[in-house]
Structure formats: C-alpha cells, structure tokens
Amino acid sequence: MTPIINTGNIDRKKRISQGVAFTIFKLMSYSVVAMLILILGFIVSKGIGAISWDFLTKAPEEGMTKGGIFPAIVGTLCLVAGSSLFSFPIGIMSGIYMNEYATGNKVATFIRIMTNNLSGVPSVVFGLFGMSLFVNTMKFGDSILAGSLTLGLLSLPLVIRTTEESLKAIDNSYREGSLALGATKLQTIQKVVLPMAFPNIITGLILSIGRVSGETAPILFTVAAYFLPKLPTSIFDQVMALPYHLYVISTSGTDIEASRGIAYGTALVLIVIVLIVNLLANFLRNYFSKKVKTN
Amino acid sequence: MTSDIRHKKMLTIDAKNVDFYYSEFHALKNINIEVEKNKVVALIGPSGCGKSTFLRLLNRMNDLIDGTRMTGSVLIEGKDIYAPNIHVDELRKEVGMVFQKPNPFPKSIFENVAYGLRVNGIKDKTFIEERVIESIKSAALWNEVKDKLNKSAFALSGGQQQRLCIARALAISPKVLLMDEPASALDPISTSKIEELIYELKKDYTIMIVTHNMQQASRVSDKTAYFYLGEMIEYDDTIKIFTNPTELSTQNYITGRFG
Amino acid sequence: MKRFFEKLVEGALLISGSITSITILLIVIFLFKEASGLFNSPVIEDGYVLAFNKDNPVKKLSSYQIKQIFDGAITNWDEVGGKEEPIEVVRLSDLTKYYTEAELGANFENIPAKASELTAKHPGIILFLPNSYIAKNFDGTLLKHETLRPGDFFGGKEWYPTASPSPQYGLLPLLLGTLWVSLGAILLSLPFGIAVAVYLAEISTMRVRNFLKPVIELLAGIPSVVYGFFGLVVIVPFLQKTFQLPVGETGLAGSIVLAIMALPTIITVAEDAMRNVPRAMKEASLALGATQWQTIYRVVIPYAKSGITSAAVLGIGRAIGETMAVLMVTGNAAVIPHTLLEPVRTIPATIAAELGEASAGGGHYQALFALGCILFIITMIISISVEFISSKKYSK
C-alpha cells in the first residue's frame, strides 16, 4: 500500500491541540485547589481573631453577639457520640453481612440498592422523617436522642459502604486458609478478616464523624436549640450545635453585623474539625498501608 | 535518500546495546539485533524473559509505564527513535502493533479501521473508504465482513477481531508491524489464518512477532531470537535455531526441556 | 451450641443489613402519612368561613381564585364561572362601612344577624368572617368544607402559606426554583468536573494526583453550612456589585455555591469511570499514532460515557437535595424565576425555613411534608436512574 500522504502540518496541529487541551485541564484542576485555598484562607484569616480560650469555653452572651460557643461544641460532641453509638455497630454488621454472608445473591443486591438509595436521600428529608418518627410519634421530643438517631440513619450508608469496601479488599485466600484449618465462618471473620480490614474501616468511621458534625438540616427540627447556655444533663435535653449556631448567627441573629466575628470563629472551628478528621484519616491510611508493606 | 546508498544493506530495525529497567529491575541486558527489510523475525523465550518488553521498545509503548529507563539506541530505517526530536505519535504511524488479545474499539468495523486515518488528520472520504477496504482485504477479512461494515466490531469472533486489528494497523501503512503473541488467545483455525496472513504480509512489511508457540515461530519466521532472563542468547536464521542451535540453553528451550 | 451461636450472629447481621431498607420504607410511610392530610385541609384559614349570596351560581372556589379575588385581581363573578356581576369583597373590618357601630351592638352581638342580612341583600358579595359570627339560620351559601384540590398544590403558581383568607401552597415556584438553581449549578460544575477527572485519570503524574485527591476530599468534607456562610459573605456581595443588583442573594449565588459543592462528587465518579477504561483500548489508539489527547476524546471519554452520565446525574441529585447552603444565599423569594439574577426559593430551603413555624398537623405543616415527598421522589428517581445507567453494559 502506498504510504498516506503526510504533511508535517497535521502532526503539528495534533500536538498543538493536545497542548492547548492539557493546559486547560491543568489550569482547571489547579483552580479547584485555588478554590479550596480561597475558602479555607478566607475563613481562617477572618476567624482566627475570634478564637480565644474564652471563646471556646464560654456560653454566648448579649444576644449571641459576645461570649463563646462552648454549649454548641458540647452539643455537637454529644450528637457525634450519640449517632456513632447507633450507626457504627449497625453499619459494620450490615457491611459484614453484605460482603461475607450475602455475597452476590439477590438479598445483597437488594440491600445494596436500598443503601445507595438511602445515601441519595437529601438531609432535609431525614430531618422531616426524624421529626415525624422520633420527635412526634415516639415522643422523644426535641432531644439528643432524636437528633442522634436521625444523624445515625443519615451516616449509615457511608459506614456500610466503607466496611463493605474494606472487607472486599481482603483477598479470598486468607479466608480459605482459615476455613481450611477448620475454623468456622464466624471465627474466620472475627480472627482473620476483621483485624485485616480494621484500618480501612476506622478511616471510614472517622470520615463519617466529619460528615455528621457538619450536618445542619437533620438536626433543625429534632434537637437543635437556638440559644441554650445550659449544658445537657440527659439524652432527652435539647442542645445547641455548631453548624446550626453558624446558620443562626449569620442569618437571623439579633444583630447580624455585631455577631459576624463570632460567625467567622464558629466557621473556623467547623473547618478545623473537618481538617483534623481528614488529616487523621489520611494519616491512618498511609500509616497502615506502610505497615502492611513492611510486614 | 542519499545516506541509504552508502549502506550496503538497508536495515529496517537496528538495536544497539539496549538496556532497559523497570525502576530497579533490569529487564533487558545489552540487546543487539539487526533486521532487514521484509523479513519476519520471531522472538521466543520463556515468560518474563523480556521479549514483549523488547517489542514494546520499538514503538515506545513502554513510555507509558512510569519509572522505566532505557539506554542504548534503536534505529528504524536509520532514524534513532529515542532521539529528542522524535515525536512518538509520528513514530507509531511507522511502526504498527497488534496486541496479544484482540482489542477493537467499541465502534463499527469500518470506524475501527478508519480510526488511524482519522487521528492522522485525513478527511478525504473516498480516500478513507478505499483505504479501509484495501486494508480489510489485506487482512483476509473482506469476504467475512463486507456486508456488515457498519456493525459493531464486538459482534465478530475472536479470530475475526484479531484480523480486524491487523487491518487497523495496516490502514496507516506502517513500515514495521509488531505482533505481540497475536494468536495466543485464538483457536487453531483462526491461528492458522493469522499465520497465512503473516506470510502474505511479509511481501510489504517487516514483521517482528513474539510467540510462545515453537511451531508457529518455525513456520512463519525467517530469523529467530531466543531471549532468556533479559538477555538475547542467540539470534540466527530460523532453520539454524531449530535444527542446530549454538547454545545449549536454546536447544533445551526449543526441545521443550524447560520453559 | 457453637452452631446455634453462629446462626444467632448471622441473624443479627441480617437484621442490621436490613436496617437501610426498613429506613427507606419508614421514610415513605411517615412522609406520606404526614402529607396525606393536605388534600383534606380547608382552603381557607382555620376557624373562618367564606359566604356568598344564595342566588350566586358559584358554589365553589379554588384556593388560587380566592386569593386573586381578595388581591383584587379578579373583580367579576363571570371570571370564575358565575353571572356577570361585580364582586364585592367584605371582611370583618369592612362591616362598619355598611352598619354603624351601634347597629352592630356594643359587644358586636348583632354581627351574625347583620352579616346574614348583608349577604342576602348583595348579590355580588363575598364575605370573610370567623366561624363564630355565622348565625345558625345564615341566609346564603357557606364555603366551609371546601378542601384543597391536588391542582392547587401541583399546579399552584404561588407559595404563600400565610396568605389570608386562603393560604397558597403552590408547588411550581419552588419546584422550578429548585430545578433552575440545580441546572445552573450543573452547567457550571460539569465542564470543570470532567476536566479535572480527565486530568487526574489520564494526564497528571502520580505525585500531582496524590496531592489533588486529598484536596478534593477536603472540599467534599466542608459542611454545607460553611459553604453557605462563605457564599453569604463573599459570593453574594460580589454578585451584587458585579451585576449592580438590588440584592445579591440570587439563584446565581445558589448555583455557584452548589457547583462547588457538587464538584467532588462529579470528579470522583467520572474519574473512576475513566480509570475503568481498559488499558488495551488506550494502547490500541496510541499504537495507531493518535496523540494522548486524541485517545482521550475519541476512546476514553466515549468508553466512559455511562460513568460520566452517572456523575452528572449524581451531581444534580446532590444539588437538588442541598439545603443549608442554598437557604443562606438564594434570597428565598417564592416566585417563579425568570433569570438567575433574581432571588429564588428551593424546595429543601422552604422546608428548612418554615417547618419551625408551621403548627403540627395544620395545612402548612402538611404542605411542607408534601414538599418532602416530592423531594424524596425526585431523589429516588435519580438513584434508580444512576443504578440503571451504570448497570447498562457498553453496547454498539
């Protein structure tokens, strides 16, 4: 066959269009980094001035234009703890069931589809649901219990998915090795599979804590208090929460301008929580993957 | 080309002192090989001996793998393909490749063959059509697909897909055709069709083929190179390699004592 | 004993596994239960009635017609299917125009009788009174048990739950507001998301990728209320200045904030799809002399088409359901939007903003739960279509 007529022109054009396209992609990718830096930088620079020991340990004062955010921090911690108590055991057990017991059958497919669907449900719908079921029907009232259960259900799909993925990553030969030695299925899971999957599961759990601590819509009608300087004494008490507090003082406080400083400070505390959670998760991931390699 | 005249014989492929590393692993050790025009060279050797790695050096496919390094030089028709002024996309037009498993694109049969023309900026419809038909005929596939050029390539059998991939490589009229175990995933009938095809293609192309199949190597090639643990143990006429190899290692391998 | 224990544990695991399905079921039951009363709730405020002259052929009015009559947008009965007759709107406070205070009685004890008399005398009257002022032998048609029709909700063009005498629960402005803002968001973030996904999956070196991935994870981790706050103090004033707007809280502000928030979802899903393109496919293209870029747009992107579509759909889903950020930056005007530079109000924002004020079991409360049902149905459709798209194998 005759060689195709080739002008250097075409090759140059190909390379120029590649250069242009790749440059655009690169710029767009780095502008995502710029976005993050802009958001973080803005909130850190504006919020750092508000942070002080008093800010973190005192209740709001003078119509929330002064004082601190201590009750909101405590409230968020209560909600994180409460929702984790509910979602971690159930989520992990559910993940184990899907990967170890119901592998590939219709039940697992059904549960997986339902879990995916649940993760797509908007957080405000969880709020409506939590209000209707926990607050009104079960008569928990606006309480830590109702809020924690709502948040727990919201974070359940995330916990299930990370557990399932972590278990899936473990090679079948380990299971077979254990079973071949006469161990039962449960013993195999307990002694071989779970310890190996543990680091990844922990990483997922930490990320779910990050998610829960920032959610606002689900707690609006189930637990969050507008202003409540008193700390909770039982799980049937209302609490303040950081994300709701930020929403309130930035949109409907008594004096929005006067409370801006507090708003920046609250946003910074929320961002710091997210940063810590992500750094911790990344650190654990790297730490454990290195450990596996050196072993 | 004036420089060509000075050479007694024009070498299509001329690899000199080639060493190749995957990060720390020394995959090819001082390979020297010369291939004349319109010859078929078979690369044989046990798995992991470096024969596929060497093949992929000739169209710089190994560039895609992170952390690889090469020293030495590879000349194709006298041009150093690792020279800094060489663009890989231009090189790959001259050096076609057929892979181990048939890998047609999820497009129609026609578009698969036309792909190489289109990415090289050819827009002339009649030219593309003629060239596609010509290539499919050269790949001995025409009678089987002439009525369904617009059907998906995935509808073809494995053997047909592999010949389609050959047609696709031929469409941009390369000078060299690299074949990486082209028949290993195919049934015996398809394999023999591919072998017949290689025999035909020899008239127009210089071919280098990696194979695990001794009979195939002896049937299709003019010269054979035996690789072992990253070294080229022996390179000679195929008849010599299969009847009277110099090295004991070569003999052991072709008689099936190991490998 | 040991076997029994194993069975017991398996049972416990199965129960945990079914929690998500049970939750979905419960969400459906409770949302629809709370919303179901909506079409049994009266079109007019609780404790009030509307009355017409008994010869007036009009016996029923829809919620929107009542509102238009009281707003003065409808002034003649023939516009609502009656005779040619001007409409005379009379509220409790208007009674003094027809009767002296003495006639109404010192303790307004004569109002029931006078109201009945007035209605009988004026053929074009529409009278709006508290229940307690209606006499037993009232001479006229009473619009008391008229309930909200599905058309008032699904086809309603106004959302005005505190309107008197007839609260407006029209879905359309909220639904259109939601779709409008989400569409704007996806138009902004899709090109970005796909570009970044291509860069991560096909172009960047391992080192750059290891830097960018945590950045994207962090972007996904920032709480929506922080995005809302950032939008409120940075994006809203910026838009107001740039476009010389009366208010910066607009649909566009919502779209920009949502676009940033949807970005991590789109990038992650699209990148996964492109990473799943078989290496052999890319090598085949490169071996034919295609450049990397030609390989990307001729082979990789078409091959990853269904994954990229899933990414877009999931991004839309994220945008539609997002509550706090949107609530804080869109201005929340419940009108059908015409441009992105006007304030709009979305379904989730409406629920979050108003549920606190709605009394449990009332029409407003039920309407908000009905909005929740709509939102739930939309997100279910999105989840199922993603399931469908990604289960479909590449054909052709």
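Calculation rules
- Residues numbered from 1 in each chain as written.
- Chains lettered and ligands numbered in written order.
- Predicted model: local features only at pLDDT ≥ 70, side-chain atom pairs only at ≥ 80, totals over all residues.
- Heavy atoms only, no water.
- Buried < 20%, exposed > 50% of the residue type's maximum accessible area, 1.4 Å probe, protein only.
- Helix = DSSP H or I, 4+ residues; strand = E, 2+ residues; numbered from the N terminus.
- Pairing = 2+ DSSP bridges.
- Contact = heavy atoms within 4.5 Å.
- Buried area = accessible area lost by both parts, 1.4 Å probe.
- Salt bridge = Lys/Arg side-chain N within 4 Å of Asp/Glu carboxyl O.
- Polar contact = N/O pair within 3.5 Å; in protein donor to acceptor, adjacent residues only side chain to side chain.
- Nonpolar A, V, L, I, M, F, W, Y, C, P; charged D, E, K, R; others polar.
- pLDDT = per-residue confidence, 0-100.

### Comments concerning the pairing of strand β3 (residues 125-130) of chain C
Residues and elements named next belong to chain C.
Logical step 1: Across the six residues that make up β3, a large majority, six, are buried.
Logical step 2: Neither face of β3 is left uncovered, since the one carrying Ile125, Leu127 and Leu129 and the one carrying Ile126, Phe128 and Pro130 both have all their residues buried.
Logical step 3: The sheet contact formed by strand β1 (residues 48-52) and β3 spans five bridges and is antiparallel. Bridging across to β3, Ala51 finds its partner in Leu127.
Logical step 4: The sheet contact formed by strand β2 (residues 88-91) and β3 spans four bridges and is parallel. Paired with Val89 across the bridge in β3 is Ile126.

### Notes on the interface of chain C and chain A
When the parts come together, some accessible area is lost, and that loss is often what is quoted as the size of the interface.
Logical step 1: In this assembly, 77 residues from chain C lie in contact with 76 residues from chain A.
Logical step 2: The three residues of chain C that bury the most area against chain A are C:Leu13, C:Phe229 and C:Trp293, which together make up 10% of that side's buried surface.
Logical step 3: On the surface where chain C and chain A come into contact, there are one salt bridge.
Logical step 4: Ionic pairing is found between A:Arg285 and C:Glu217, a salt bridge with its closest N-O pair at 3.2 Å.
Logical step 5: Linking chain C with chain A are 10 residue pairs in polar contact (both at pLDDT 80 or more).
Logical step 6: Residue contributions to the side of chain C that touches chain A peak at 21 residues, all from helix α1 (residues 2-36) of chain C.
Logical step 7: A per-class count over the side of chain C that touches chain A returns 54 nonpolar, 16 polar and seven charged.

### So, the side chain of C:Ser182
Residue and element names in this part refer to chain C.
Logical step 1: By the element assignment, Ser182 lies in helix α7 (residues 172-203).
Logical step 2: Overall, Ser182 belongs to the buried group, its relative accessible area being 3%.
Logical step 3: For Ser182, the side chain forms a polar contact with the main-chain oxygen of Thr178, separated by 2.7 Å.
Logical step 4: Ignoring any residue separated from it by four or fewer positions in sequence, one finds Ser182 in contact with Ala319 and Ile320.

### Here's the deal with the confidence of the model for chain C
Logical step 1: This prediction gives chain C a mean pLDDT of 88; 99% of its residues lie at or above 70.
Logical step 2: Here strand β4 (residues 141-143) of chain C stands out as the least confident element of chain C, with mean pLDDT 80; helix α10 (residues 251-275) of chain C is the most confident, with 95.

### Description of the interface of chain C and chain B
Logical step 1: On the side of chain B, 26 residues touch chain C, which itself brings 19 residues to the contact.
Logical step 2: Considering only the side of chain C, the residues that lose the most area to chain B are C:Ala287, C:Leu288 and C:Arg298, jointly responsible for 32% of the buried surface there.
Logical step 3: Our count for the contact surface shared by chain C and chain B stands at one salt bridge.
Logical step 4: Residues C:Glu283 and B:Arg56 are paired through a salt bridge, measuring 2.8 Å at the closest nitrogen-oxygen approach.
Logical step 5: Counting across the interface, chain C meets chain B through six residue pairs in polar contact (both at pLDDT 80 or more).
Logical step 6: Contributions of two or more residues to the side of chain C that touches chain B are made by α11 (279-287) and α12 (292-303) of chain C.
Logical step 7: Tallied by class, the residues present in the side of chain C that touches chain B amount to 10 nonpolar, five polar and four charged.

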